[in-house]
Each structure stands twice: as C-alpha cells, then as structure tokens.
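# Structural overview for review
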Amino acid sequence: LSSLLAGILLFAGAVGVPSAANAATSDGGVAWTVQTADNANGTARPNFSYDADPGAVISDTMLVVNTGTVALPLSVYAADAFTAPSGEIDVLVDGTPNVDSGTWVSLSPSSVDLAPGQQAEIAFTISVPADARPGDHSAGIVTSLVSSDASQSLSVDRRLGTRVNVRVAGELAPAAVVSAVATGYVPSWNPFTPGTLTVQYALENSGNTRLTGIEAIAASGPAGLFGATASGTQLKEVIPGSTIDVRSEVPVLSLGWLSGSVTVSPEGVGLGAGSVAPISVDFSTVAVPWSLYALLLVAAGIVLAVVLLIRRSERRRTPGVTDAAEAGR
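This text gives an overview of the structure that appears in the document.

Calculation criteria
Residues numbered from 1 in each chain as written. Predicted model: local features only at pLDDT ≥ 70, side-chain atom pairs only at ≥ 80, totals over all residues. Heavy atoms only, no water. Pairing = 2+ DSSP bridges. Helix = DSSP H or I, 4+ residues; strand = E, 2+ residues; numbered from the N terminus. Axes fitted to C-alpha atoms, helices over the stretch in contact; angles between N-to-C directions. Buried < 20%, exposed > 50% of the residue type's maximum accessible area, 1.4 Å probe, protein only.

## Looking at the sheet that holds strand β14 (residues 195-205)
Spatial strand order, β13-β14-β17: 3 strands in an open sheet with antiparallel pairing. Taken across any chain shown, the strands that pair with only one partner, and hence form the sheet edges, are β13 (176-186) and β17 (243-252). Pairs of neighbouring strands in the sheet enclose a mean axial angle of 20 degrees, with direction left out of account. One ladder, built from 9 bridges, connects β13 with β14; its direction is antiparallel. Considered in β14, the bridge of T183 is made with V199.

Pasting the structure below:
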C-alpha cells in the first residue's frame, strides 16, 4: 500500500510572498525557485495577473531555477486554484480535472530536467473562452518533484507554483455568505479575569471577485453586562467558489450566559472590485465561569459559618436561652 504526501506548495504573489517563490529541503540539496519573467507584461511582478476580455489570448513566461546541488526532474502543469478551509491558497493536484482557468492554460515544456544552477523558461498561453464568466479566475502554474521511499512505500510530492489571476471584463459582483456560526467559552482559572469566548463560522465567496473582509465581534452578558468587542481583524483572501473556516477569540467576563454578534464587512480584491454590505449574525452561548461560581460558593459557606457562630455565641451570652434549649431536647 503506497501513500502520497503533498509537500511544500507556495505561491508567489500571496500576501507577504516575494516575487520569487522558493522550495528547499534539508535532504540531498533539493531546492529551486519559480518567478515571473520580465517582459512586455511587466517587470518584478509578484504573480501573473491580467485584465482580459472574453476571447483574449495572453502569452507569458515563468522562470524556474535549480538553486540546489542535485539534478531536478520537474513536471510542470497548470491547475485550478482555490482557497482551502484553512485560508491558504492551493491548487488541484496533478491528475485532478480542471473546470475553470486551469483549462485555459497551455504550456511548453511540460517537464524540465535542471542541473544544479541551471535555469529554464516555461512559456505558456492563456486562452480566455469567448463565453467566460466575468470576474476573477484563479489558477496556478506548478512545478512538481515526486520522490519515493521504497522502504516505506511512500511518495512525497514537493510542489512550487506561481499564481495566475485573470479578471475577465464584465460586471463585477462581489458577494459573501456567513454560515455555521458556533461558539464556545473557556473560563479563566482566575475568577477576576476574563474567560475566552471562541466564535467559529464559515465564510463563503459566492460572488465573482476575489474577496477579503474585516471582522468585528461584540459580546456581553445579560442586560449588556461585561460587554467586550474585538474588531479590525483582516480576513484571508477567498477565491470565488471557495469557503474558509474562521475562528476568533474574544476575552470577556461572564456570569453564565453570553450573547452578541459577529459582523463581517466583505470587500472585493483589486481595483474596482467593490464592497459588500456588512453581514451580521447573532449568537448566544452558555458561558459558565466555574472559578467564579466556586469562589461565590466558598464565600457563601464562610458567611453562613460566621452567622451560625455569631448566633451560637449570642445564645450562650443570653441568660435562660441555653437552659431552655437544653430543656427542650
């Protein structure tokens, strides 16, 4: 029985990634980079990004460099891109049928053998269908190195790619759906400090542009007691048709019950993509502050004990009370 592990998959042009993506491992000196070529389409580009009309044909080039110390037999292919539930950009694995812009890309060559220090140019053409849907279409051009360990019946696929974003002319309609809101509460061991409210939900990009957004969460106890807010959180980019899972934490005091709302203000990525009206979903949850309850219980016990001691002491000091009590037994 053999298994396949997907290795490193990076995309130049993702947030915080420079124009040249690179992959390296500590075994055998395997390392290479991919980057956009400087040409009429642009220079020092973080990724391949185009504005195109339906029916347009675009030609461009990707550079692959072996920066390691061993020869690299790399396969090269195009694949549809999507946003994984974790929020990371990924592409379909080789062999999985493309249904969108991955089918628009043809490239040559489809494989390269690079000696250490050698560079190769991968020319590709994007043929936008005449009936292409307006809006953003995302793909990736991927270089892949598959290595096997016969002793463990294990194959490792190291993939390194560059994103391809094509915005097809037409009406841009960003849209989003927030669903599956779930909450939980973890009290603090210290009854005088806030516990942690966890809010989880799914954010779906149901429009035709890449999408991000700003998150705001408000929560409070009954009658608005101990209100707390967390706002300004920037959500990750979501490709059209993808859904991400979002998990946020808010420190808040509780007396046993919390209610509030999570509000997402979606915004299209890129010039002219537009924004979406804020989406707000209410929630409520049991939020038992066990340490506070335990403290109150101990305090109540101490108060009761003190009251009983005082009453007993008063009976002993009052003439006739103790004797009457004893006679009644």
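## A short note on the sheet that holds strand β15 (residues 211-220)
Reading across from one edge, β16-β15-β18-β19 is the order of the 4 strands in this open sheet, with antiparallel pairing throughout. Both outer strands of the open sheet, β16 (228-238) and β19 (279-287), are each paired with one neighbouring strand and no more. Each strand axis lies, on average, 20 degrees off the axis of its neighbour in the sheet, ignoring direction.

## Structural notes on the pairing of strand β3 (residues 31-36)
By the criterion of burial, β3 is predominantly enclosed, with 5 of the 6 residues buried. In this structure, β3 lies alongside strand β5 (residues 57-66), joined through 5 bridges in antiparallel fashion. Counterpart to W32 in the pairing with β5 is N66.

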